[in-house]
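Examining the three-dimensional arrangement
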Amino acid sequence: MLESQMQMVRQGMVLDLVERAREAGFTHILVVTSYPELALGLEDAAVEVVLDKEIERPFHFGQRLRDVVEGCQLEKVLYMGGAAAPLISSGELQYMREILEQNEEVFLTNNYYSADIVGFTPAAALGRLNLPAIDNALPMVLSNEGGLRYVPLQRTLGLNFDVDTPTDVLIMAVHPALGSHTRAAVENLDWDFSRAEAIKELLGNPMGELVIYGRVGPNLFQYLDANTRCRLRLYSEERSMKALGRDARGEVKALMGRLVEELGFAAFFRFLAELAGGAVLDTRVLFEHFHWELSAADRFASDLGRLELISHGPLREFTRAALEAPIPVLLGGHSLVAGGLWAMIDAGLKDLPA
């Protein structure tokens, strides 16, 4: 159920993204999807749709990207994942389009180490690469093997907030830049927004203190430090664990994960309450440290605190302990401690009177 609700929201995001791409001057917009209902929704959108009726498992991103680029005879490419950039502006898309139009042998990305937006030219460069199985690693391959010049982009909320988990949906729901199709999908959800609202209030409380844990980069911390009123306790580890394949090889080792193991779930969250008035946790680092093999449905249910939907016993107890903590605890993935917090702060700033 949660997966189908997430897919409904992501389809709204794709429809909004198509509209903004057209406003940005893109003349050839191509949507590759395995969802017939999304393809149907794009019939009147004047875009080219490639419907993958049968997807090979395991899915290999790089091979599929190359097949689409070659099959459609593309020369310059701006790729975006279906869950990417719900808050991006048409101006930001236009800027990336102009970089690719005016340059050769270059690439750009929203995150060099964990990308879901990548532009590159020439498209034929894919033919000389050992293509990655996931999109996160594409920029490193374009640089290290393709020899393309990296054009850095200014870090903006529009480029750096994406939707990987239900928690990201809770956060973006309060942001005024949300597109109309996405907002309509969000309004159909019956989820509990209370923990997200509590963390948002804590960020603006000069007497408050917040624990932030996970794959947190230095740029986000600088933004947090400049734009939050509460004190921050930041614990960052295992950045690029997906792009480097550490999760796939079972190599993730987390200091915080060891602390959870030593204290136990309930005692760990009680200890966090001794440190701060709220916590934001990138739980995927912990799950990899624990070597838990979790379905997307179980991860999403944990993010929303839906204990009755979690089939994995230890994960259910971990989530129960988080819900019963004396402080609000927000659970999610990498995007929560990257664009998610950024979006929450930005929405709070926009709520202030002019």
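Residues numbered from 1 in each chain as written. Predicted model: local features only at pLDDT ≥ 70, side-chain atom pairs only at ≥ 80, totals over all residues. Heavy atoms only, no water.

So, about the overall build of the protein. Helix and strand counts for the protein stand at 16 helices and 10 strands. For the C-alpha atoms alone, the extent of the protein along its principal axes is close to 60 × 50 × 35 Å. Every one of the 354 residues in the protein was classed for burial, and the buried ones make up 54%. Partitioning the intrachain contacts of the protein with sequence separation of at least 6 by distance along the chain shows that 67% fall at a separation of at least 24. Here the protein has roughly 16300 Å² of accessible surface; of this, 49% comes from carbon and sulfur atoms. (Helix = DSSP H or I, 4+ residues; strand = E, 2+ residues; numbered from the N terminus. Buried < 20%, exposed > 50% of the residue type's maximum accessible area, 1.4 Å probe, protein only. Contact = heavy atoms within 4.5 Å. Areas by Shrake-Rupley, 256 points an atom, 1.4 Å probe, with all protein chains shown as cover.)

Taken as a whole and judged by the stated rule, the model has two cavities of 30 Å³ or more. Space inside the largest cavity adds up to approximately 50 Å³. At the level of secondary structure, the elements contributing two or more residues to the lining of the largest cavity comprise helix H7 (166–172) and helix H9 (194–203). By residue number, the principal contributor to the lining of the largest cavity is H9, which donates three residues. Here the lining of the largest cavity is built from residues that sort into six nonpolar, no polar and two charged. Volume-wise, the second largest cavity comes out at about 40 Å³. Lining the second largest cavity are Met13, Asp16, Leu17, Arg20, Ala84, Ala85, Pro86 and Ile88. A breakdown of the residues in the lining of the second largest cavity according to their chemical character gives six nonpolar, no polar and two charged. (1 Å grid on protein atoms, 1.4 Å probe; cavity = no way out; pocket = protein on both sides within 12 Å on 5 of 7 lines; lining within 4 Å. Points joined across faces, edges and corners; volume = space filled by probe spheres on them. Nonpolar A, V, L, I, M, F, W, Y, C, P; charged D, E, K, R; others polar.)

So, about the nonpolar core. Among the nonpolar cores identified, the biggest contains 71 residues, and Val169, Met172, Phe269, Leu272, Leu281 and Val329 are the most heavily contacted of them. Tallying contributions element by element places helix H16 (residues 339–351) first for this core, with five residues. Not counting residues up to four positions away in its chain, the partners in contact with Val329 are Arg195, Phe269, Ala279, Leu281 and Ala322. Ile29, Leu42, Ile88 and Leu100 belong to the second largest nonpolar core, which has 26 residues in total. (Core = buried A, V, L, I, M, F, W, Y, C linked by side-chain atoms within 4.5 Å.)

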